[in-house]
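Below, each chain spelled out in residue letters.
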Amino acid sequence: MNEHVDVIIVGAGLSGIGAAHHLQQRCPDRSYLILEARQAMGGTWDLFRYPGIRSDSDMHTLGYNFRPWTKAKSIADGPSIREYIEDTARDGGIDRHIRFGHKVTAIEWSTPDAHWTVTTQGPDGTATFTCNFLHMCSGYYDYDRGHTPHFAGQESFAGRIVHPQHWPQDLDYAGKRVVVIGSGATAVTLVPEMAKQAASVTMLQRSPTYVVSRPGEDALANWLRRKLPGKTAYGMTRWKNVLMGMVFYRMTRKQPEKVKQKLLDGVREHLGPDYDVATHFTPRYNPWDQRLCLVPDADLFDTIRAGRADVVTDTIERFTPAGILLTSGRELPADVIVTATGLEVKLLSGITPVVDGVAKELGEALQYKGMMFSDVPNLAFTFGYTNASWTLKADLVAMYLCRILNVMKKRGLRQATPRIGGDAITPEPFVDFSSGYIQRVADQLPKQGNRKPWKLNQNYALDVMALRFGSVEDSMEFSNPAPKPAKQRVAA
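J.: Looking at this structure, I do not really get the sheet that holds strand β16 (residues 336-339). What am I missing?
T.: Backbone hydrogen bonds are what pair the strands of a sheet, in a parallel or an antiparallel way. The 5 strands are arranged β7-β16-β8-β9-β12 in an open sheet whose pairing can be described as parallel. A single partner strand is all that each edge strand has here, and the edge strands are β7 (160-162) and β12 (309-313). On average, each strand axis in the sheet is inclined to that of its neighbour by 20 degrees, with strand direction left out of account.

So, in structure tokens, the structure goes:
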């Protein structure tokens, strides 16, 4: 017999635990379960265990809107973030609703029953659950494997090759020569941390990324916390950081060259006038066409300037037994090669929703308010901002979902389906982002439209207005009346 609840949340990471909190607060009469494929909560922050793992957003915006971040460090390490998620789940009693080791493999909607059937592979084999509403909080990438291109000759390399997504706990790199392939957030985190023990660390990049230094602690946030009640101080810091981020992003769109020069001047200030910033830290694209890399307290720049690490900008010809041969003819000696080459995007954990027996390919759907899909009923997903902290959007999505649930209950309806209607909509890419991990799967991702509510805002303030205070009626079809209870016969 299937176990039935009102709402199933898939994923016990930052998004899933937050969604459960909002559901408990705003829809306290609704039953729910969280299905988590792994044996622990935390999502990304439990999976990734490479040296130095940390947030690339400040915790006053990466943290939940309902639970103040109280530690001094604003740019937090992975274990601290995992602890924050676990404390949130424990304090709210959310942990009692989690089923660990349940990997969702299929989801099927039945209109007559007005519910989803969710199939999982669990500790005891295949299991099925049913729910009225399904909220996918499983992230956006493949947990089983990272993006690992095949390099010619890699089988001949005599040392060890590792990918940061599955960091081997027995890896000893002390006193060894390390090459980190990549220039993104993972690479700029690994390099200064590994340089503390390694004989040498080289960051090998095909092309540069914008790298920005920011204090590891937010002095104003820490001062406000000493002077004001915790929630007040947190709220003020949160909005201060949100608004600063919005202003900066707007500047990158309006005056990209001016912002670019300011960013590069900051790099020169840290590395000195003789460093080749043009080659190693000047990207070919404008700021925020791809995500900026944040380094706390200039740790990457300090490590480079101290001579404990260097950056090489070149392409790989092949791996050799002793290291990596570059197209330029130079060979980089290595004992350990870290392929910080990115993620494999897999929306909804790679699952294709089936609606009344028909598979709904995501690549053919339009996303609705960045959280649902056209013609797919009672299914929400969480996908954070590309230009701000993930949790800002996750909180809004969870709260909007609660609004939908409460409208359906009030009206006695069981189904909420985004409908395009008769107006023509021009499809546009899923997100306006040129990063490789998005472009590699662009044809598999849902599209956005050229007008609301199918158009992404990528703007927290606009989404607050749309998702917290905007109408739930626009392009949303509420239907499927709940069956009336059968009248009881009165004995004669």
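J.: Hey, could you run me through helix α7 (residues 230-254) in this one?
T.: Every α-helix winds through 3.6 residues per turn, so residues three or four apart in the chain are directed the same way. In this model α7 runs 36 Å from its N-terminal to its C-terminal C-alpha over 25 residues, within 8% of the 36 Å that 1.5 Å per residue would give. For α7, every residue scored as buried is listed here: Ala233, Tyr234, Thr237, Arg238, Asn241, Val242, Tyr249 and Thr252.

J.: What is the right way to read the pairing of strand β2 (residues 32-36) from this model?
T.: Side-chain direction in a regular strand flips from residue to residue, so the side chains alternate between the two faces of the sheet. Taken across its 5 residues, β2 has 5 buried, putting it largely inside the fold. Handedness of the β-α-β unit built from strand β1 (residues 3-10), helix α1 (residues 14-26) and β2 comes out right-handed. Sheet topology places β2 next to strand β3 (residues 98-100); 3 bridges connect them, and they run parallel. Each bridged residue has a counterpart across the sheet, and for Glu36 the counterpart in β3 is Phe100.

J.: Teacher, can you tell me more about the pattern of salt bridges here?
T.: Applying the stated criterion across every chain yields a total of 28 salt bridges. One salt bridge connects Asp29 with Arg30, and the closest N-O pair in it is separated by 2.9 Å. For Arg30, a relative accessible area of 14% puts it in the buried group. In this structure, Asp58 and Arg214 form a salt bridge, with 3.8 Å as the shortest nitrogen-oxygen distance. Placement of Asp58 in the loop between α2 (44-47) and α3 (59-62) and of Arg214 in strand β10 (residues 211-214) is noted, with a sequence separation of 156 residues between them. Classification of Asp58 by relative accessible area gives buried; the value is 5%. On the basis of relative accessibility, which here comes to 31%, the residue Arg214 falls in the partly exposed class.

About the cut-offs
Residues numbered from 1 in each chain as written. Predicted model: local features only at pLDDT ≥ 70, side-chain atom pairs only at ≥ 80, totals over all residues. Heavy atoms only, no water. Pairing = 2+ DSSP bridges. Helix = DSSP H or I, 4+ residues; strand = E, 2+ residues; numbered from the N terminus. Axes fitted to C-alpha atoms, helices over the stretch in contact; angles between N-to-C directions. Expected span 1.5 Å × (residues − 1). Buried < 20%, exposed > 50% of the residue type's maximum accessible area, 1.4 Å probe, protein only. Right-handed = clockwise from strand over helix to strand, strands pointing away. Salt bridge = Lys/Arg side-chain N within 4 Å of Asp/Glu carboxyl O.

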